[in-house]
Amino acid sequence: MNTILITYLIIFALFGTAASYFVRFIYAYWVKKEMPMKYIVKAGICVVLVVVISALIPLLN
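Now for a quick tour of the structure. (Residues numbered from 1 in each chain as written. Predicted model: local features only at pLDDT ≥ 70, side-chain atom pairs only at ≥ 80, totals over all residues. Heavy atoms only, no water.)

Overview of helix 2 (residues 37-56)
One full turn of an α-helix is made of 3.6 residues, so residues set three or four places apart face in the same direction.
Turning to step 1, where the next piece is worked out: The end-to-end C-alpha distance of helix 2, which contains 20 residues, comes to 29 Å, matching closely the 28 Å that a straight helix rising 1.5 Å per residue would cover.
Turning to step 2, where the next piece is worked out: Looking at the buried residues of helix 2, the elements they touch are helix 1 (3-30). (Helix = DSSP H or I, 4+ residues; strand = E, 2+ residues; numbered from the N terminus. Expected span 1.5 Å × (residues − 1). Contact = heavy atoms within 4.5 Å.)

Digging into unusual backbone geometry
Turning to step 1, where the next piece is worked out: Not every positive phi belongs to a glycine, and K33 is a case in point at roughly 60 degrees.
Turning to step 2, where the next piece is worked out: Positionally, K33 belongs in the loop between helix 1 and helix 2.
Turning to step 3, where the next piece is worked out: Owing to a relative accessible area of 68%, K33 belongs among the exposed residues under this scheme. (Buried < 20%, exposed > 50% of the residue type's maximum accessible area, 1.4 Å probe, protein only.)

Topic: the packing of helix 1 against helix 2
Turning to step 1, where the next piece is worked out: Look at helix 1 against helix 2: their axes get within 8 Å of each other, and the N-to-C directions meet at 160 degrees. One finds that helix 1 runs roughly antiparallel with respect to helix 2. Our pair here, helix 1 against helix 2, has a crossing hand that is left-handed. Together, T7, I10, I11, L14, F15, T17, A18, Y21, F22, R24 and F25 of helix 1 and M37, Y39, I40, K42, A43, C46, V47, L49, V50, I53 and S54 of helix 2 make up the contact between the two elements.
Turning to step 2, where the next piece is worked out: Its residues placed into classes, the contact of helix 1 with helix 2 shows 17 nonpolar, three polar and two charged. (Axes fitted to C-alpha atoms, helices over the stretch in contact; angles between N-to-C directions. Parallel < 35°, antiparallel > 145°, perpendicular 65-115°, else oblique. Left-handed = near helix turned anticlockwise from the far one by under 90°. Nonpolar A, V, L, I, M, F, W, Y, C, P; charged D, E, K, R; others polar.)

Describing the packing of aromatic side chains
Turning to step 1, where the next piece is worked out: All chains considered together, the criterion is met by two aromatic pairs.
Turning to step 2, where the next piece is worked out: Plain terms: the ring middles of Y21 and Y39 are 6.4 Å apart, the flat faces sit at 20 degrees to each other, and that makes the pair stacked. Of this pair, Y21 sits in helix 1 while Y39 sits in helix 2, and the two are 18 residues apart along the sequence. Across this residue pair, the class does not change: Y21 and Y39 are buried.
Turning to step 3, where the next piece is worked out: Both rings, one in F25 and one in Y29, keep their centres 6.2 Å apart while their planes meet at 10 degrees; by these two values the pair is stacked. Highlighted residues: F25 and Y29, both in helix 1, separated by four residues, approximately one helical turn.
Turning to step 4, where the next piece is worked out: Exposure remark for Y29: the relative accessible area of 38% places this residue in the partly exposed category. (Phe/Tyr/Trp six-rings, centres within 6.5 Å; stacked < 30°, edge-to-face > 60°.)

Okay, here's the thing in structure tokens:
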């Protein structure tokens, strides 16, 4: 499999993971009335990894 396609698959998975953490945070905030910052931190880490991987894609060619 092409390395570019693998990186796009990883980016897609990281976006899904970040969205999942954000939904967990919204659920905890609205339903449980608490604000667990660990979900926001984990979603932020996923987004930063997406940015880093996106910046490295031109180097793979």
